[in-house]
Amino acid sequence: HGLLQYNIHQKRWVWNEDIIRAEDITDNVLHLLSSKMDGLSDNVQTLLKMMACFGSCTSESVIGYLNESVEYAEVRNGLERALIDGFIVTNEEGSLQFVHDKVREAAYNLIPDSDKKQFHYHLGKVLYSLCDGKDVGDTIFLIANQINHGKEWIVRDTDLSIAIAELNMKAGKKALDGCDDKTAYSYLGTALSLLPKDHWESHYDLSLRVYFLMASATNSNDEAELMLQKIFEKARCLDDQLPSYLLLNEILLSQGNPKGAYDTCASVLSQLGETIHNSVTPEAASSMLAETLSMYEEVYNDEWINKKLEDEKIRTIAKIYNTFVIACFLCKSRHILVYHMCRAVQLSLQNGTCQYTPLALIHFAGYAMKDEQPASICRIAKNAMSMLKRFDVADQHPLFYLSYYGRVAWRFESLQVCTDKLRRAFEAALSLGHVDIAFYCSIHVIKNSIFSGASLRSIMKEIDYYLHLLKTYKIETARTFLLIFRETVSLLIDNGQATSIEATPCAGDLSDPGNKLRESAFFHKAVQCLWVGHTERCRYYSEKCMPILGPLAQFTTYMSKFYHALNSLDLIRKKNSTKGKEVARVAIPAIRDAAASSDWNFTNKLRLLEAEQQSLRQTHRKAVPLYEAAIESAKRSGFIHEQGLACEKAGFYFKNKAGNNEKALEYFKQARACYDEWGSSMKVDFIQGELNNVQILVNSELARER
């Protein structure tokens, strides 16, 4: 059949792969290949056996290393013959590979089964002796893989056991640096198994590194905590414990235990000489904030930026503070948060900059400063971003972006840009193993997607993707946030008729002031009620939500003010509510301030509120251009949902106030088109009902005119 034959013209072995697959005769092919290989020279056979041990692909540099040894001095000659005969080819990356998996399998079968383990081990030992002390890059994996076949011989030699444990530790660290936790864990487990019983006494530094790296690589938080507890028990000083404390904090935060992370950080910072305040008065927090801002204005210049923080202890303190303030945000009062964020910034202002300074500054701008300081917030945030580029801190980027694009950048960037950056931060954080940061990014991604009027079906798909990942990562707080968002999106799509799921958000005790989910739970209830048109319930939830949001400068605060004011203007129209007038009176200047710094994100909202206000006053010449401005501004910003909302409000104005049903019909049609593009069947159905009613009125008017 011409399955396998030697082509004289090509001077290589060729075969018909389609026939081989179709006739299921792989065993015969293997036998034939092995027979042909048996007749090859020793050099070629050695080369083929060696490459078969390495896998389907081998770097030419590895051949170069082996060629330097006595045992494999002729291996390059064997390679030349194998290339000529067509067993081996050079791929696009420049590596050497078998021309087919069956060729590799036949080459591997040249080694008797009883000798395979020894062959791997000997090959690994030769490579290890040639490469020991050199930076061999990814070749370290190949060396470890080969030499680990001989564990039964390694453990008989204590010195060799330690050397190979070191090798596996280095391979594990390299795999971990490449975000391959599973492979890293395997190497590190081998390293640990090669250590003697008294390894903490006899090989302290190696033990410390192996335990820490294993805690970093394992996918079990329980196992990681056991490894870290062993380090805390055996470590000889606080400096040796510090990396483990930082890792423990990451684990505690990912488990939804910010109190544990707070206590751990507070304990370590106290041991490092910091004074931690578990109770801070509003006056003390305000004083600390003013002092820090004053110090920043005085110190921030090129000279300070270029002043390197040399003190290792202070750098360590600065690093721990960056974790500590996250724990503060999640489980402590705002006054405690502000006080310690200010302290973190002051460390750099007083001592110079380091890789932890940009993160301290962005936390300060995003979480500590009040909304009355918008210019300072933007300036400090932008300066922090500029400083970040000076340091090689890729592992900090996701957390920095979370604070920058999640809490500050909406003032000077479009909401869509912020969403895209946060989505990238999610991917980066997940690839770095920063799971808690990744899913906090996902929360902001979905929140901003809803605010910016992204396709509801796309948002739903993205939420379900995150929820699927959370089956593995099990971060309950993130899951609850996403379920709250999903409930809102499902309602907006079709009132939850076909898009709801059995899982529902469990936000806990909403009367508990310490419950961080209260804000989101109340806010989304208000949002749902506004879009459905339940004005009394919207007011109820808005009034629950507003006091929780407090003075923090965040986008949700302004959205809550916008929705509350818009709903209150509806209540005034329906019930002449005095309370509603006060809400609008306070909210409109706040939205005007927001629009002054972020025209893209807020001008359409301001114009719609102003239009509704003029509608109530029945000043037609002012209301109509404001509705048009709201529609055009929302269209320019890509906020299709708010474009539809402005069209809807304009339609009701012309129907109920201006008495122009044809114009109302025009605006309702625009609203329906917008809501259809948004993906809200619920709103399309509602507007269609209004269109039907108005069309009847228009037809009646036309009939009367006839």
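A few points on the structure. Residue numbering note: each chain is counted from 1, following its sequence as written. Confidence filtering applies because this is a predicted model: local features only for residues at pLDDT of at least 70, side-chain atom pairs given and counted only at 80 or more, and all residues used for totals across whole chains, interfaces and linings. To obtain the side-chain values, all non-hydrogen atoms of the structure were used and water was disregarded.

### Side note on the overall build of the chain
So, step 1. The helix and strand tally for the chain stands at 36 helices and five strands.
So, step 2. On C-alpha atoms alone, the chain measures out to a radius of gyration of 33 Å, which is more than a quarter above the 27 Å that the 2.2 N^0.38 rule sets for 706 residues.
So, step 3. Viewed in the frame of its principal axes, the chain has a C-alpha envelope of about 105 × 75 × 45 Å.
So, step 4. Within the chain, the fraction of its 706 residues that count as buried is 54%.
So, step 5. By definition, residues are in contact when any of their heavy atoms lie within 4.5 Å. Counting only contacts in the chain whose residues sit at least 6 apart along the sequence, the fraction spanning at least 24 positions is 65%.
So, step 6. Surface exposure here means Shrake-Rupley accessible area, sampled with a 1.4 Å probe, where a residue is shielded only by the protein chains that are shown. As presented, the chain carries roughly 31600 Å² of accessible surface, and 48% of it is formed by carbon and sulfur atoms. Secondary structure elements follow DSSP: runs of H or I of four or more residues count as helices, runs of E of two or more count as strands, with numbering from the N terminus. What the globule rule says is 2.2 Å times the number of residues to the power 0.38, and the radius of gyration is computed from C-alpha atoms. Here the term buried applies to any residue with accessible area under 20% of the maximum for its type, exposed to any over 50%, and partly exposed to those in between, with areas from a 1.4 Å probe on protein chains only.

### Some remarks on the packing of aromatic side chains
So, step 1. In this analysis, rings of Phe, Tyr and Trp, with Trp reduced to its six-membered ring, are considered paired at centre separations within 6.5 Å, and the interplanar angle assigns stacked below 30 degrees, edge-to-face beyond 60, and tilted for intermediate values. Per the counting criterion, the structure on display carries 38 aromatic pairs.
So, step 2. Centroid distance Phe481 to Phe485: 6.4 Å. Interplanar angle 40 degrees. Geometry classified as tilted. With Phe481 and Phe485 both in helix H27 (residues 476-494), this residue pair falls four residues apart, about one helical turn.
So, step 3. The class of Phe485 is buried, set by a relative accessible area of 2%.
So, step 4. Between the aromatic rings of Phe654 and Tyr667, the centroid separation amounts to 5.4 Å while the plane-to-plane angle is 10 degrees, which identifies the pairing as stacked.

### Brief notes about the environment of Pro258
So, step 1. Among the secondary structure elements, Pro258 is positioned in helix H16 (residues 258-271).
So, step 2. On the basis of relative accessible area, Pro258 is assigned to the buried category, the value being 16%.
So, step 3. Residues within four places of Pro258 in sequence aside, it is in contact with Leu252, Leu253, Ala327, Leu330 and Cys331.

### Side note on the side chain of His564
So, step 1. Along the polypeptide, His564 turns up in helix H30 (residues 555-575).
So, step 2. Judged by its relative accessible area of 7%, His564 falls in the buried class.

### Digging into helix H3 (residues 42-54)
So, step 1. Given a helix with a known number of residues, its expected span is that number minus one, times 1.5 Å. Between the first and last C-alpha of H3 there are 18 Å, a value that for 13 residues agrees with the 18 Å anticipated at 1.5 Å per step.
So, step 2. Counting buried positions over the 13 residues of H3 gives 10, a clear majority of the element.
So, step 3. Once H3 ends, the next one or two residues include Gly55, with phi positive near 125 degrees.

### Details of the packing of helix H34 (residues 640-656) against helix H36 (residues 681-705)
So, step 1. Between H34 and H36, the least distance of the axes is 12 Å, while the angle of their chain directions is 20 degrees. The angle between the axes of H34 and H36 places the two elements in the roughly parallel class. Crossing geometry of H34 relative to H36 is assigned as left-handed. Between H34 and H36, the residues in contact are Glu648, Phe652 and Lys655 and Lys683, Phe686, Ile687, Glu690 and Val694, respectively. The axes used here are C-alpha line fits, helices contributing only the stretch in contact, and every angle between their N-to-C directions lies in the interval 0 to 180 degrees. In what follows, roughly perpendicular refers to angles from 65 to 115 degrees, roughly parallel to angles under 35, roughly antiparallel to angles over 145, and oblique to any angle outside these ranges. Crossing handedness follows the turn of the near helix against the far one: under a right angle anticlockwise gives a left-handed crossing, and clockwise gives a right-handed one.

### Notes on the environment of Asp685
So, step 1. Along the polypeptide, Asp685 turns up in helix H36.
So, step 2. The exposed category is assigned to Asp685, whose relative accessible area is 53%.
So, step 3. Linking Asp685 and Asp494, residues 191 residues apart in sequence, is a C-alpha distance of 9.2 Å.

### Section: the side chain of His199
So, step 1. Mapped onto the elements, His199 comes out in helix H12 (residues 199-202).
So, step 2. Using a relative accessible area of 8% as the deciding quantity, one classes His199 as buried.
So, step 3. Residue contacts for His199: discarding those within four places in its chain leaves Tyr204, Ser207 and Tyr211.

### Some words on the environment of Asn495
So, step 1. The topology assignment puts Asn495 in the loop between H27 and helix H28 (518-532).
So, step 2. Taking the relative accessible area as the measure of exposure, Asn495 reaches 44% and is therefore partly exposed.
So, step 3. Those residues in contact with Asn495 that lie beyond four places of it in its chain are Ser490 and Met682.

### Examining helix H23 (residues 397-408)
So, step 1. Compared with an ideal rise of 1.5 Å per residue, which puts 12 residues at 16 Å, H23 spans 15 Å between its outermost C-alpha atoms and is within 8% of the ideal.
So, step 2. Burial runs high along H23: 10 of the 12 residues are buried.
So, step 3. Listed as buried for H23 are Pro398, Leu399, Phe400, Leu402, Ser403, Tyr404, Tyr405, Gly406, Arg407 and Val408.
So, step 4. Looking at the buried side of H23, the elements it contacts are helix H19 (312-331), helix H21 (357-368), helix H22 (374-388), helix H24 (415-432) and helix H25 (435-451).

### Things to note about the pattern of salt bridges
So, step 1. Salt bridge, as used here: a side-chain nitrogen of Lys or Arg that lies within 4 Å of a carboxyl oxygen of Asp or Glu. On inspection of all chains with the given rule, the structure shows 29 salt bridges.
So, step 2. Across the salt bridge formed by Arg81 and Asp85, the nearest N and O atoms sit 3.0 Å from each other. Pair noted here: Arg81 and Asp85 are both in helix H5 (residues 75-85), with a separation of four residues, about one helical turn.
So, step 3. The buried category is assigned to Asp85, whose relative accessible area is 7%.

### Comments concerning the sheet that holds strand S3 (residues 57-58)
So, step 1. At least two DSSP bridges between two strands are required for those strands to pair. Strands sit in the order S3-S5-S4 across an open sheet of three strands; the sheet is antiparallel. The strands lining the two open edges of the sheet, one partner per strand, are S3 and strand S4 (88-90).
So, step 2. Looking at chain direction, S3 and strand S5 (residues 96-98) are connected through two bridges and run antiparallel. Bridging across to S5, Cys57 finds its partner in Gln97.
So, step 3. Sheet strands touched by H5: S4 and S5. Its angle to S4, the strand with the most contacts, is close to 90 degrees.

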